[in-house]
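Fold and geometry: a report
The chain contents come next:
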Amino acid sequence: MRLILMDNNSGYICGDTAVYLAGSPEWRDNAESRREAETLSLLASRLLDEGNGVHGRSYEFMGANPHVTSSGYHIYRADVSGVDVIPIVRNGRDGAIINAVAANCHYIGFVRYA
């Protein structure tokens, strides 16, 4: 499963698991075992933060957009029916790419962190 994480506060894409988790054994093992989207969303959020040097956060998955100003990530699934619907995201501040993610990817839910 390929996930894209969009920061709730900035609106920018902060991670594409095809890039930042490509070499992670923990991600690979969980993604290949076909874990639930909720479990993978929480894992992707934690691994993104840890890769950025942020440790010790707690995470809560919400299955719908909560329309809140809480810190967290909107989670989109970029592989729909086994096909990537957008190219790998390398520039998360590009408005066209952000719009393409929102229009073409499947919204999984929101992960709030504290």
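As shown above, the structure is provided for reference.
Quick summary incoming for the structure in this document. (Residues numbered from 1 in each chain as written. Predicted model: local features only at pLDDT ≥ 70, side-chain atom pairs only at ≥ 80, totals over all residues. Heavy atoms only, no water.)

Some remarks on the overall build of the protein
Helix and strand counts for the protein stand at four helices and seven strands. The N-to-C order of helical and strand elements in the protein reads β-β-α-α-α-β-β-β-β-α-β. What you see for the protein is a C-alpha radius of gyration of 13 Å, in line with the 13 Å of a compact globule of 114 residues. Projected onto the principal axes, the alpha-carbon positions of the protein cover approximately 30 × 30 × 25 Å. Nonlocal contacts in the protein, meaning residues at least 24 apart in sequence, comprise 72% of its contacts between residues at least 6 apart. For the protein, the accessible surface area stands at approximately 6100 Å², while carbon and sulfur atoms represent 47% of it. A distance of 1 Å separates the average location of the 10 positive side-chain charges in the protein from that of its 13 negative side-chain charges. (Helix = DSSP H or I, 4+ residues; strand = E, 2+ residues; numbered from the N terminus. Rg over C-alpha atoms; globule rule 2.2 N^0.38 Å. Contact = heavy atoms within 4.5 Å. Areas by Shrake-Rupley, 256 points an atom, 1.4 Å probe, with all protein chains shown as cover. Lys, Arg positive; Asp, Glu negative; His and termini not counted. Charge placed at Lys NZ, Arg CZ, Asp CG, Glu CD.)

Describing unusual backbone geometry
Across the chain, the bulk of peptide bonds are trans and the bulk of non-glycine residues have phi less than zero. Of note in this structure, His67 is not a glycine but carries a positive phi near 50°. Note on placement: His67 falls in the loop between strand E3 (59–62) and strand E4 (72–77).

Side note on the sheet that holds strand E1 (residues 3–7)
Read from one edge to the other, the open sheet built from five strands follows the order E2-E1-E4-E7-E3, with strand pairing classed as antiparallel. Single-partner strands in this sheet number two, and they are strand E2 (13–16) and E3. Here the strands of the sheet are splayed against their neighbours by 25° on average, with no regard to which way each runs. Of the pairings in the sheet, the one linking E1 to E4 comprises five bridges and is antiparallel in character. Bridging across to E4, Asp7 finds its partner in Tyr73. Relative to the sheet, helix H3 (residues 37–51) contacts E1, E2, E3, E4 and strand E7 (106–113), its axis offset from that of E3 by approximately 140°. (Pairing = 2+ DSSP bridges. Axes fitted to C-alpha atoms, helices over the stretch in contact; angles between N-to-C directions.)

Quick word on the pairing of E7
Across four bridges, E3 lies against E7 in antiparallel orientation. In the sheet register, Phe61 faces E7, and the bridge partner there is Val111. Across six bridges, E4 lies against E7 in antiparallel orientation. By the bridge assignment for E7, Tyr76 is matched with Tyr107.

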